[in-house]
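# Survey of secondary and tertiary structure
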Amino acid sequence: MKFQRSLLSNAAIYALANFSVAGVPLILLPILTRYLSADDYGKVGMFTVVSSFLFIIVGFNTHGAVMVRFFDSKIALSKYVSSVFLILLSSVFVTSALIAVFPTPLLSLTTLPVSWLIIAVGLAGCQFLVQLLLTLWQCSDRALSYGVLRLSHAITDSVLSIFLVVGLMASWEGRLSGLAIAWSVIAIFAFIKLRKEGWVSNVVDKKYIADALRYGLPLMPHAVGGLILSMADRLLVTKIMDIGSTGIYFAAVQIGLILGILADASNRAFAPWLMKKLTNASLEEKSTIVYYTYLYFLGIIFVAIILSITIEFFIPFLLGPEFIEVSEITFFMFLGNAFTGMYYMVTNYVFFSTRTGLLSLSTISTGIVAFLISIFLIQNYGLLGAAISFMIGQILLFLTTWALAQYCYRMPWFGLLNKMCKN
């Protein structure tokens, strides 16, 4: 019972914190869709896609290694975090240089200026640094500190963006400037905090750099595959249709993230506890974990259906007149995010087993299949096809990862299900 109260309390804090940040685009939606055209909002969406891709590149996913090694008493944590920080600085420098020298591929794909592409690299680096501090706070069960930082970021981002877009009429560049400045300010604070709490030192260790890369690099295909599954639809809408259609679709994505944010928060509370629990879990404890996971599956599908029904009444207030057709696709966006939440609940077993190479193979394969499905559906059904392909991609990701999780770490998924059916 104490575990349940603690987990629910932390989940509530993470939910509020993550909603405050990831929910900023949703909070700004009524303003941006009235002050920006669909084309301009499409550019905001494309910048989000680019920065998400670059977040995978910078740091090479090594912040995940910090969570795993945090509980290892043999690791000198400050040296380990410093080594990860060095990886981040090196990758940001190299990525910026490559984009500056070879900008053409991204220019043709995103329609964004080179200057904003390079800013996106810096923003991704800031996101990584902040995530590093948040990961350490998660592992230390400091949910309140986590929440205060995320809320501060959300307020800074919102205020700056509204001032620049509404006050100065800076269009899409105003929104992106607010985004970049907010992340920069919070990243500076995160670095100071890391130093103050002794999690970053002036010493790095080649052994730790190698260890972090051994964890992070095999996850790169997994992260790229996940990005294809979650964001390739936006790139394809831009290429097959136009940037204005991307703006409309991006508005639908933001509405669907109402559920996505809640799912992410639940996982952030659940994952650290699960990592510790799986080390010596008995069969009875495993059965309890599986039982509550099934309840979660049913609950999140139910919430998705309810949200898809009730959101119809709010769309005229959330969106400007140019974006109203979003209402035709929100059902599929909510269901897709529900399956994303279910994926979170099973992928942790693969991370615990450290067999991340298999996860990468599974995700990239699923991503390729979903990408091909997206091309067909968008060409034939437009934005509706994009939404359906997003949902299909998340279903495939969940099912393949669930099968892989059972292969990597045996849990009584089907034994408990048979027992429940008999009863």
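Worth saying up front: this structure is predicted, and the values here are computed from it rather than measured.

## Re the confidence of the model for the protein
A residue-level look at the protein finds 95% of positions with pLDDT of 70 or above and a mean pLDDT of 87. Mean pLDDT across the elements of the protein bottoms out in helix α17 (residues 413-422) (64) and peaks in helix α9 (residues 171-196) (95).

## Structural notes on the side chain of N61
With respect to the secondary-structure elements, N61 resides in the loop between α3 (38-57) and α4 (63-70). On the accessibility criterion, N61 (15% relative accessible area) is buried. Not counting the four nearest positions on each side in its chain, N61 is found in contact with I56, Y215, G216, L219, M220 and A223.

## Considerations on the packing of helix α7 (residues 114-139) against helix α8 (residues 143-167)
Between α7 and α8, the shortest axis-to-axis distance is 8 Å and the interhelical angle comes to 155 degrees. Considered as vectors, α7 and α8 are oriented roughly antiparallel to each other. Contacts between α7 and α8 involve V130, L133, L134, W137 and Q138 on the former and, on the latter, S145, Y146, L149 and R150. Taken together, the residues of the contact of α7 with α8 break down into 6 nonpolar, 2 polar and 1 charged.

## As for a nonpolar patch on the surface
Taken together, the side chains of F93, V94, L98, V101 and F102 define a hydrophobic patch exposed on the protein surface, amounting to about 560 Å² of accessible area. For F93, the location among the structural elements is in helix α5 (residues 77-101). With a relative accessible area of 62%, F93 lands in the exposed category.

## Concerning the packing of aromatic side chains
Per the stated rule, a full pass over the model turns up 22 aromatic pairs. Ring centres of F339 and F398 lie 6.1 Å apart, and the angle between their planes is 50 degrees; this geometry places the pair in the tilted category. Placement of F339 in helix α15 (residues 330-353) and of F398 in helix α16 (residues 356-408) is noted, with a sequence separation of 59 residues between them. For the pair shown, F339 and F398 are each scored as buried. Judged by centre distance (5.9 Å) and plane angle (85 degrees), the ring pair of Y349 and W413 falls under edge-to-face.

## Structural notes on the pattern of salt bridges
Any two side chains of opposite charge can pair if their charged atoms end up close together. Taken as a whole and judged by the stated rule, the model has 6 salt bridges. Across the pair R69 and D211 runs a salt bridge whose closest N-O atoms are separated by 2.9 Å. Of the two residues, R69 is situated in helix α4 and D211 in helix α10 (residues 206-216); the sequence distance between them amounts to 142 residues. Across the pair R142 and E197 runs a salt bridge, and its minimum N-O distance is 2.7 Å. Of this pair, R142 sits in the loop between α7 and α8 while E197 sits in the loop between α9 and α10, and the two are 55 residues apart along the sequence. What makes R142 partly exposed here is its relative accessible area of 27%. The class for E197 is partly exposed, based on a relative accessible area of 25%. Three or more residues joined by partner-sharing salt bridges are found here, namely R69, D211 and R214.

## A word on the side chain of T330
Relative to the helices and strands, T330 resides in helix α15. For T330, a relative accessible area of 1% corresponds to the buried category. Side-chain polar atoms of T330 contact the side chain of E312, separated by 3.3 Å. Not counting residues within four places of it along the chain, the set of residues in contact with T330 comprises I255, I311, E312 and I315.

## Considerations on α8
Between its first and last C-alpha atoms α8 spans 35 Å; for 25 residues at 1.5 Å apiece the expected length is 36 Å, and the two agree. A143, Y146, G147, L149, R150, H153, A154, D157, S158, S161, L164 and V165 are the residues of α8 that are buried. Looking one or two residues past α8, M169 carries a phi angle of roughly 55 degrees, positive in sign.

## Examining the layout of surface pockets
Size it by volume and the second largest pocket reaches roughly 260 Å³. In this structure, the second largest pocket is lined by 13 residues; those nearest its centre are V49, F53, L109, L227 and L235. Contributions of two or more residues to the lining of the second largest pocket are made by α3, α6 (104-110) and α11 (220-241). Among the elements that take part in the lining of the second largest pocket, α11 stands out by supplying 6 residues, more than any other. Along the lines of polarity and charge, the residues of the lining of the second largest pocket split into 12 nonpolar, 1 polar and no charged.

Definitions and cut-offs
Residues numbered from 1 in each chain as written. Predicted model: local features only at pLDDT ≥ 70, side-chain atom pairs only at ≥ 80, totals over all residues. Heavy atoms only, no water. pLDDT = per-residue confidence, 0-100. Helix = DSSP H or I, 4+ residues; strand = E, 2+ residues; numbered from the N terminus. Buried < 20%, exposed > 50% of the residue type's maximum accessible area, 1.4 Å probe, protein only. Contact = heavy atoms within 4.5 Å. Axes fitted to C-alpha atoms, helices over the stretch in contact; angles between N-to-C directions. Parallel < 35°, antiparallel > 145°, perpendicular 65-115°, else oblique. Nonpolar A, V, L, I, M, F, W, Y, C, P; charged D, E, K, R; others polar. Patch = residues over 30% accessible without salt bridge, like charges linked within 9 Å, V, L, I, M, F, W, Y side chains within 5 Å. Areas by Shrake-Rupley, 256 points an atom, 1.4 Å probe, with all protein chains shown as cover. Salt bridge = Lys/Arg side-chain N within 4 Å of Asp/Glu carboxyl O. Phe/Tyr/Trp six-rings, centres within 6.5 Å; stacked < 30°, edge-to-face > 60°. Polar contact = N/O pair within 3.5 Å; in protein donor to acceptor, adjacent residues only side chain to side chain. Expected span 1.5 Å × (residues − 1). 1 Å grid on protein atoms, 1.4 Å probe; cavity = no way out; pocket = protein on both sides within 12 Å on 5 of 7 lines; lining within 4 Å. Points joined across faces, edges and corners; volume = space filled by probe spheres on them.

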